[in-house]
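# Close look at the chain arrangement
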Amino acid sequence: MASMGEQNGVVSTRPVMADNRSFADFEPAVKKPKRNKFAFACAILASLTSILLGYDIGVMSGAIIYIQEDLKINDVQKEILMGILNVYSLVGSCAAGRTSDWVGRRYTIVLAGAIFFLGALLMGFATSYAFLMVGRFVAGIGVGYALMIAPVYTAEVSPASSRGFLTSFPEVFINGGILLGYVSNYAFSKLPTDLGWRFMLGVGAIPSVFLAVGVLAMPESPRWLVMQGRLGEAKKVLDKTSDSIEEAQLRLSEIKEAAGIPQECTDDVVKVQKRSHGEGVWKELLLYPTPAVRHVLICGIGIHFFQQASGIDAVVLYSPTIFEKAGITSSDGKLLATVAVGFVKTITILIATFLLDRIGRRPLLLSSIIGMVASLTTLGFSLTIIDHSHEKIPWAIGLCITMVLAYVALFSIGMGPITWVYSSEIFPLRLRAQGASMGVAVNRVTSGVISMTFISLYKAISIGGAFFLFAGVAMVATLFFYMFYPETQGKTLEEMEGLFGKFFGWREEAKKLKMKKTMKVSGDGTSNGQIQLGNTTTK
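Going by the annotation in an unreviewed UniProt entry, the name recorded for the protein chain is Major facilitator superfamily (MFS) profile domain-containing protein, with Gossypium mustelinum given as the source organism. The Subcellular location (unreviewed entry) field of the UniProt record for the protein chain holds the comment "Membrane".

Structure representation (structure tokens):
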């Protein structure tokens with residue numbers, strides 16, 4: 001019959017054309033769903049917190065020139081002032097995990113903005129080095145909160161199809177904040193020395209005000225709502241932040257399973273075990289981790305460590321010093337060159353956001369870190385030549401500036417955004433807040449060590465030697481990422497645990513997961529999507 005097909009004794013109900021093609025072959029291809037605008041808006045608002053850190057990093061690189069002149073501080077005090085905010089932010093990032101489980105992700109973001117607002121004001125009105133350090137301490141706590149909570153919230157509201165794109169926003173806004181800081185340096189550099197640096201630091205209070213107000217328009221994280229047993233509210237948020245109603249239902253089902261809530265529970269409010277404030281989480285993370293959790297923890301902490309140990313904060317914070325060593329002596333010239341660094345970082349991070357969900361995490365991460373090795377090695381080479389020359393060498397100066405720009409571009413295209421994307425999406429729901437806070441803590445400690453020792457380091461082993469050292473760290477990172485990091489593109493947050501647990505066998509697990517998805521799409525894996533009648537096989 002023309003309307004029925006029979007093959008290998010199996011009768012299919014799908015209509016078949018004369019040339020053995022079904023009507024479905026002529027159906028239009030399913031269009032890729034458009035980006036969810038509501039999830040996009042939530043990610044934007046949450047990620048605005050990252051401007052706070054970026055602005056501080058950028059503005060301090062130029063403000064320190066005038067602070068050192070006005071307060072008459074030495075190089076050791078300068079190093080400490082530059083990097084101590086990263087150490088202070090540990091307090092915020094460690095507290096943020098418990099706070100976000102207690103009051104929710106949204107109000108934790110508001111708290112981050114309020115704390116940084118106070119810190120910026122204290123720095124702007126500082127009258128002494130000690131007063132300035134108090135302001136750095138308060139601002140550091142706010143930065144720690146912001147760094148931990150922004151990627152976690154964004155990952156929890158994002159649909160899987162665009163999670164990489166949306167979760168990279170914190171890094172986008174860090175770079176945007178750095179650029180604003182550089183512009184602020186240049187804008188206020190013409191003021192009297194004692195006023196210029198105070199305006200540079202104090203203006204940082206303005207973004208935090210808009211942040212605190214804007215965040216109040218955001219919904220709470222659906223995963224946090226489920227952890228509190230508020231299923232009705234979670235369903236409403238998921239309906240708004242998913243690409244389809246079916247995806248919203250699937251996400252809710254997966255979150256309920258991860259939170260230990262029976263699938264048959266459909267009430268708007270249900271009772272849940274009181275594990276949502278961090279009880280037992282640290283034991284599961286550190287004392288009795290499963291192989292999967294141990295693998296996740298190593299990957300989450302490792303990527304944060306290598307992001308900073310490869311020298312990015314040394315380049316960003318001390319770019320005026322690097323350009324001075326390269327032969328640019330005027331203050332305006334150094335500040336303009338530094339603005340160029342911020343501009344390149346911002347442009348490349350915007351490009352990266354559109355590549356994360358197209359190319360994947362691993363290819364971008366590996367190509368980024370390999371490029372960083374090459375640019376750091378060349379930068380060390382050019383600075384060594386300049387350092388040993390008694391006259392200006394134009395080609396070496398040009399090469400040095402080019403390599404600084406290439407390094408920040410390569411960092412921002414992969415290593416920068418993927419660190420926050422990857423570490424926020426791989427932790428299981430029950431461990432996500434505390435696991436992410438541990439990653440941020442390692443990030444800030446490493447950044448603080450690099451920032452507070454860079455001047456002493458380059459004086460001890462030369463400026464070129466310092467960048468050769470960073471290149472060596474980046475080489476180790478390349479091997480580490482290649483061996484241990486599975487691809488997470490397109491996986492739901494609840495599927496992540498299946499990819500981890502076998503340090504060297506994760507590729508096989510990824511293949512099994514892919515095959516399982518294919519079988520779900522095609523029915524039983526052999527029917528090519530056709531609907532099979534019951535027991536119609538002829539013998």
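## Digging into the overall build of the protein chain
For the protein chain, the count of helices and strands is 22 helices and 2 strands. Sorting the 539 residues of the protein chain into buried and exposed places 56% on the buried side. A sequence separation of at least 24 residues applies to 80% of the contacts in the protein chain between residues at least 6 apart. When the accessible surface of the protein chain is summed, it comes to about 23000 Å², and 66% of that surface belongs to carbon and sulfur atoms.

## Some points on the environment of I174
Mapped onto the secondary structure, I174 falls in helix 7 (residues 169-188). Of the residues examined, I174 reaches a relative accessible area of 7% and is grouped as buried. Along the backbone, I174 and Y55 are 119 residues apart, and their C-alpha atoms lie at a distance of 7.4 Å. Once residues within four sequence positions are removed from consideration, I174 is found in contact with S50, L53, G54, L147 and W420.

## Some details on a nonpolar patch on the surface
On the surface, F117, L121, F125, I206, V209, F210 and V213 cluster together to form a nonpolar patch covering roughly 690 Å² of accessible area. Where the nonpolar patch is concerned, the elements lending two or more residues are helix 4 (105-124) and helix 9 (205-215). Examining the composition of the nonpolar patch, we find that 4 residues originate from one element, helix 9, more than from any other. Given a relative accessible area of 32%, F117 falls into the partly exposed group.

## Things to note about the pattern of salt bridges
Applying the stated criterion across every chain, the model contains 7 salt bridges. We note a salt bridge from R105 to D101, for which the minimum N-O separation is 2.8 Å. A single burial state applies to R105 and to D101, both of which are buried. The residue E233 makes a salt bridge to R230 at a minimum N-O spacing of 2.9 Å. Here E233 falls in the partly exposed class, since its relative accessible area comes to 39%. Salt bridges here are not isolated pairs; linked through shared partners, they connect D101, R105 and E156.

## Some thoughts on the packing of aromatic side chains
By convention here, two paired aromatic rings are described through the distance between centres and the angle between planes. Summed over all chains, the structure comprises 15 aromatic pairs. For the pair Y318 and F454, a centre-to-centre distance of 5.1 Å together with 35° between the ring planes defines the contact as tilted. You can see Y318 sitting in the loop between helix 15 (312-317) and helix 16 (319-326) and its partner F454 sitting in helix 20 (residues 432-461), a full 136 residues away along the chain. There is no split in this pair, since Y318 and F454 are both buried. Ring centres of F454 and Y458 lie 5.4 Å apart, and the angle between their planes is 65°; this geometry places the pair in the edge-to-face category. Separated by 4 residues within a single helix, F454 and Y458 lie in helix 20, roughly one turn from each other. The residues F454 and Y458 share a single accessibility class, namely buried. Within the aromatic cluster, the residues linked to one another by ring pairs are F305, F306, Y422, F480, F481, F484 and Y485. Taking NZ or CZ as reference, R106 lies 4.9 Å from the ring centre of Y107, over its face.

## Remarks on the nonpolar core
Side chains that are nonpolar tend, in soluble globular proteins, to be buried together. The biggest cluster of nonpolar side chains holds 126 residues, and the ones touching the most others in it are M60, I67, L81, L201, F454, F467 and F481. No other element matches the 15 residues that helix 5 (residues 129-157) contributes to this core. A domain-level breakdown of this core finds at least three residues from each of domain 1 (37-218) and domain 3 (285-515). Residues in contact with F454, not counting those within four places in the same chain, are E79, A314, Y318, I463, A466, F467 and F470. By size, the runner-up hydrophobic cluster in this structure holds 14 residues, among which are W224, L225, V237 and L429.

## Description of unusual backbone geometry
A positive phi is found at K72, a non-glycine position, where the angle reads about 55°. Locating K72 in the fold gives a position in the loop between helix 2 (50-71) and helix 3 (75-103). The phi dihedral of S462 falls on the positive side, at around 80°, and the residue is not glycine. Checked against the element boundaries, S462 lands in the loop between helix 20 and helix 21 (463-484). For S462, a relative accessible area of 25% gives the class partly exposed.

## Side note on the confidence of the model for the protein chain
This prediction gives the protein chain a mean pLDDT of 80; 84% of its residues lie at or above 70. No element of the protein chain has a lower mean pLDDT than strand 1 (residues 5-7), which averages 43, and none a higher one than helix 21, which averages 94. In the model, residues 524-539 has pLDDT below 50 throughout and makes 20 contacts with residues more than four positions away in sequence or in other chains.

## Some thoughts on the packing of helix 7 against helix 19 (residues 394-425)
Relative to each other, helix 7 and helix 19 sit at 125°, their axes nearing to 8 Å. Relative to helix 19, the element helix 7 is oriented oblique. In the packing of helix 7 onto helix 19, the handedness of the crossing is right-handed. Contact residues: E171, I174 and N175 in helix 7; F411, S412, G416, P417 and W420 in helix 19. For the contact of helix 7 with helix 19, a count of residues per class yields 4 nonpolar, 3 polar and 1 charged.

## Re the packing of helix 4 against helix 9
Remark: helix 4 packs on helix 9, axes separated minimally by 8 Å, with the N-to-C direction vectors making an angle of 160°. Our classification of the angle between helix 4 and helix 9 gives roughly antiparallel. Taken as a pair, helix 4 and helix 9 cross one another with a handedness that is left-handed. Between helix 4 and helix 9, the contacting residues are R106, I109, V110, G113, F117, A120 and L121 on the first element and A205, S208, V209, L211, A212 and V215 on the second. Among the residues forming the contact of helix 4 with helix 9, the class breakdown is 10 nonpolar, 2 polar and 1 charged.

Basis of the calculations
- Here the residue index of a chain counts from 1 through its sequence in written order.
- Whole-chain, interface and lining totals are the exception, using all residues; otherwise, since this is a predicted model, local features are given only for residues with pLDDT of at least 70 and side-chain atom pairs are given and counted only at 80 or more.
- Note: side-chain values were computed over all heavy atoms of the structure, leaving out hydrogens and water.
- UniProt positions are given in the numbering used here, feature names are shortened, and annotations may be inferred rather than shown by experiment.
- Secondary structure is summarised from DSSP: a helix means a run of H or I of at least four residues, a strand means a run of E of at least two, and numbering begins at the N terminus for each.
- Think of it in three bands: with a 1.4 Å probe and only protein chains considered, a residue is buried below 20% of the maximum accessible area for its type, exposed above 50%, and partly exposed in between.
- By the convention used here, residues are in contact when the closest approach between their heavy atoms is within 4.5 Å.
- For the area figures, the Shrake-Rupley method with a 1.4 Å probe applies, and any residue is considered shielded solely by the protein chains shown.
- Patch definition: residues with relative accessible area over 30% and no salt bridge; like charges joined within 9 Å; nonpolar side chains (Val, Leu, Ile, Met, Phe, Trp, Tyr) joined within 5 Å.
- By convention in these notes, a salt bridge is any Lys or Arg side-chain nitrogen within 4 Å of a carboxyl oxygen on Asp or Glu.
- Pairing of aromatic side chains here covers Phe, Tyr and the six-membered ring of Trp, requires ring centres within 6.5 Å, and sorts the geometry by plane angle: under 30 degrees stacked, over 60 edge-to-face, intermediate tilted.
- Lysine NZ or arginine CZ positioned within 6 Å of the ring centre and within 35 degrees of the ring normal marks a charge as sitting over the ring.
- Only buried residues count toward a nonpolar core, which is a set of Ala, Val, Leu, Ile, Met, Phe, Trp, Tyr and Cys residues joined through side-chain atoms within 4.5 Å.
- Residue ranges labeled as domains rest on an automatic or database domain assignment.
- pLDDT expresses, on a scale from 0 to 100, how confident the predictor is about each individual residue.
- Axis geometry follows a simple rule: fit a line to the C-alpha atoms, using only the stretch in contact for helices, then measure angles between N-to-C directions, giving values from 0 to 180 degrees.
- The labels follow the angle: roughly parallel below 35 degrees, roughly antiparallel above 145, roughly perpendicular from 65 to 115, and oblique for the rest.
- For any pair of crossing helices, the crossing counts as left-handed if the nearer helix is rotated counterclockwise from the farther one by less than a right angle, and right-handed if it is rotated clockwise.
- Polar here means any residue other than Ala, Val, Leu, Ile, Met, Phe, Trp, Tyr, Cys and Pro, which are nonpolar, and Asp, Glu, Lys and Arg, which are charged; Gly is therefore polar.

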